[in-house]
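Structural characterization, general
Below, each chain spelled out in residue letters.
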There are 2 protein chains.
Amino acid sequence: MDNSAAVQPRFIRFDDVRPFLLTDGVSGRPLFGALGMLNLIEFEPGATVPPHSHPHEQLGIVLRGMQALVVDGEAHELLPMAGYVLPGGVEHSAYCGPEGALVLDVFAPVREDYLERWRADE
Amino acid sequence: MDNSAAVQPRFIRFDDVRPFLLTDGVSGRPLFGALGMLNLIEFEPGATVPPHSHPHEQLGIVLRGMQALVVDGEAHELLPMAGYVLPGGVEHSAYCGPEGALVLDVFAPVREDYLERWRADE
């Protein structure tokens with residue numbers, strides 16, 4: 001996959017980035033590097049992400065609202081300025097509070113599946 | 001370096017993370033993964049970061065205030081919800097506005113120099 005756009009310095013406004021649908025009620029605005037990526041995700045009120053896993057390491061920070069990450073049957077309810085690290089391969093699900101949530105997810109390496117889906121919308 | 005703390009899921013509040021000094025007037029609260037890391041950095045009003053480079057890819061998002069990144073003699077003044085990608089090896093400097101700034105920096109791979117400095121403060 002051509003990821004050469006990542007090799008130049010880039011400066012963007014996330015508002016200008018075309019969002020793509022992650023799952024019902026959850027959309028993401030990605031910024032792809034070569035080694036890692038950001039994904040600014042917005043949960044509509046009450047939206048949920050079903051259990052899943054991926055080989056990529058995931059880090060992140062909650063920016064607005066509440067995002068709960070459920071790992072090993074335990075729900076971690078995260079408020080703004082809470083951060084997390086999920087090693088690759090760890091199954092997790094997510095839900096948000098009644099007011100929705102804004103969260104910055106970070107993946108290393110790049111989620112090529114996201115890059116493909118995001119480009120497919122062009 | 002022992003980075004094994006990164007291999008378990010972790011949930012933190014950045015307020016609880018011990019900050020370390022990056023340069024005069026600029027401190028960071030790091031969250032280390034195995035493949036990447038977050039660094040929540042706070043600029044005091046008027047603080048600057050002198051020109052430097054590192055082999056690590058750097059991505060980030062401005063959360064409060066204004067952070068300017070200067071690359072190739074051009075200043076990119078970034079407001080909240082602006083993002084950036086700097087490939088490894090690109091020289092850059094930074095300054096903030098009169099009200100300071102809160103910025104989330106993301107590095108891949110992990111900045112082992114930061115891990116070492118942060119642990120040295122324990």
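Let us look at the structure shown here. Along each chain, residues carry numbers from 1 onward, in the same order as the chain's sequence is written. Chain A is the first chain written and ligand 1 is the first ligand written, with later ones labelled in order. Owing to the predicted nature of the model, reporting of local features is limited to residues with pLDDT of at least 70; listing and counting of side-chain atom pairs is limited to 80 or more, with chain, interface and lining totals taken over all residues. Only heavy atoms go into the side-chain values, all of them from the structure, while hydrogens and water stay out.

**Points about the overall build of chain A**
The helix and strand labels rest on DSSP assignments: H or I over at least four residues marks a helix, E over at least two residues marks a strand, and numbering proceeds from the N terminus. Counting secondary structure elements, chain A contains 1 helix and 9 strands. Along its sequence from the N terminus, chain A presents helices and strands in the succession β-β-β-β-β-β-β-β-β-α. Only C-alpha atoms enter the radius of gyration; for comparison, a globular chain is expected to reach 2.2 Å times N to the power 0.38, where N is the number of residues. Taken over C-alpha atoms, the radius of gyration comes to 14 Å for chain A, in line with the 14 Å a tight globule of 122 residues would show. Across its three principal directions, the C-alpha atoms of chain A cover 40 × 30 × 25 Å. Sorting the 122 residues of chain A into buried and exposed places 53% on the buried side. Contacts are assigned to residue pairs that have any heavy atoms within 4.5 Å of one another. Long-range contacts, defined here as pairs at least 24 residues apart, represent 64% of the contacts in chain A between residues at least 6 apart. Values of accessible area rely on a 1.4 Å probe in the Shrake-Rupley scheme; residue burial ignores everything except the protein chains shown. On chain A, roughly 5,400 Å² of surface is accessible, and the fraction owed to carbon and sulfur atoms is 52%. For the purpose of charge, His is not counted, nor are the chain termini; Lys and Arg are scored as positive and Asp and Glu as negative. Charged groups are reduced to one reference atom each: NZ for lysine, CZ for arginine, CG for aspartic acid, CD for glutamic acid. With 8 positive and 18 negative side-chain charges, chain A shows a spacing of 9 Å between the two charge centroids. With a 1.4 Å probe rolled over the protein chains alone, any residue whose accessible area is under 20% of its type maximum counts as buried; one over 50% counts as exposed, and the rest are partly exposed.

**Comments concerning the side chain of B:H54**
Residue and element names in this part refer to chain B. With respect to the element layout, H54 can be found in the loop between β5 (48-52) and β6 (57-71). By relative accessible area, which is 6% here, H54 ends up buried. A distance of 3.0 Å separates a polar side-chain atom of H54 from the backbone oxygen of H56. The definition of a polar contact used here is a pair of N or O atoms within 3.5 Å, where within protein one atom must be able to donate a hydrogen and the other to accept one, and adjacent residues in sequence count solely through side-chain atom pairs.

**Regarding the relation of the copies chain B and chain A**
Least squares is used to superpose the copies, and the fit set is the C-alpha atoms of residues whose pLDDT is at least 70 in both copies. The transform that puts chain B on chain A rotates by 180° and translates by 0.0 Å along the axis, for an RMSD of 0.0 Å. The transformation just described matches what one would write down for a two-fold rotation axis. The share of interface residues of chain B whose copies in chain A are also at the interface is 100%, consistent with both copies meeting through the same surface.

**A look at helix α1 (residues 112-120) of chain B**
Residues and elements named next belong to chain B. Within α1, burial applies to Y114, L115 and W118. Down the axis of α1, the smallest arc covering the buried residues is 100°, so these residues share one side. Among the exposed residues of α1, those oriented more than 90 degrees off its buried face are E116 and A120. Think of it as the arc spanned by the lines of direction from the helix axis to the C-beta atoms.

**Thoughts on the interface of chain B and chain A**
Every contact between the two is made by 40 residues of chain B and, on the other side, 40 residues of chain A. Together chain B and chain A conceal approximately 2,800 Å² of surface at their shared face, both sides included; 76% is due to carbon and sulfur atoms. The quantity reported as buried area is the accessible area (1.4 Å probe) lost by two parts once they are put together, taken as the sum for both. Summed over the three residues of chain B that lose the most area to chain A, namely B:F11, B:M81 and B:V85, the buried surface amounts to 22% of that side. One speaks of a salt bridge when a side-chain nitrogen belonging to Lys or Arg is within 4 Å of a carboxyl oxygen belonging to Asp or Glu. The interface formed by chain B and chain A holds 0 salt bridges in total.

**Some details on the nonpolar core**
Note on terminology: a nonpolar core comprises buried Ala, Val, Leu, Ile, Met, Phe, Trp, Tyr and Cys residues joined through side-chain atoms within 4.5 Å. A:F14, A:L38, A:L104, B:F14, B:L38 and B:L104 are the most contacted members of the largest nonpolar core, which has 42 residues in total. Beyond its immediate stretch of four places on either side in the chain, B:F14 contacts A:I61, A:M81, A:A82, A:G83, B:R29, B:L31, B:L38 and B:L40.

**A look at the packing of aromatic side chains**
Describing an aromatic ring pair means giving the distance of the ring centres and the angle of the ring planes. All names here are of chain A. Pairing of aromatic rings covers Phe, Tyr and Trp, the last counted by its six-membered ring, and requires centre-to-centre distances within 6.5 Å; plane angles under 30 degrees mean stacked, over 60 mean edge-to-face, and any other angle means tilted. Enumeration over the complete set of coordinates arrives at 6 aromatic pairs over all chains. Measuring from centroid to centroid gives 5.7 Å for F107 and Y114, while their planes differ by 85°, and the two rings are edge-to-face. Exposure class is identical for F107 and Y114. Each is buried. Clustering of aromatic rings is evident, with ring pairs tying together F20, F107 and Y114. One Lys or Arg, R18, reaches over the ring of W118 and ends 4.4 Å from the middle of that ring. Two limits define a charge over a ring: the Lys NZ or Arg CZ must be within 6 Å of the ring centre, and within 35 degrees of the ring normal. Over the aromatic face of F107 sits the side chain of R111, whose NZ or CZ is 5.0 Å from the ring centroid.

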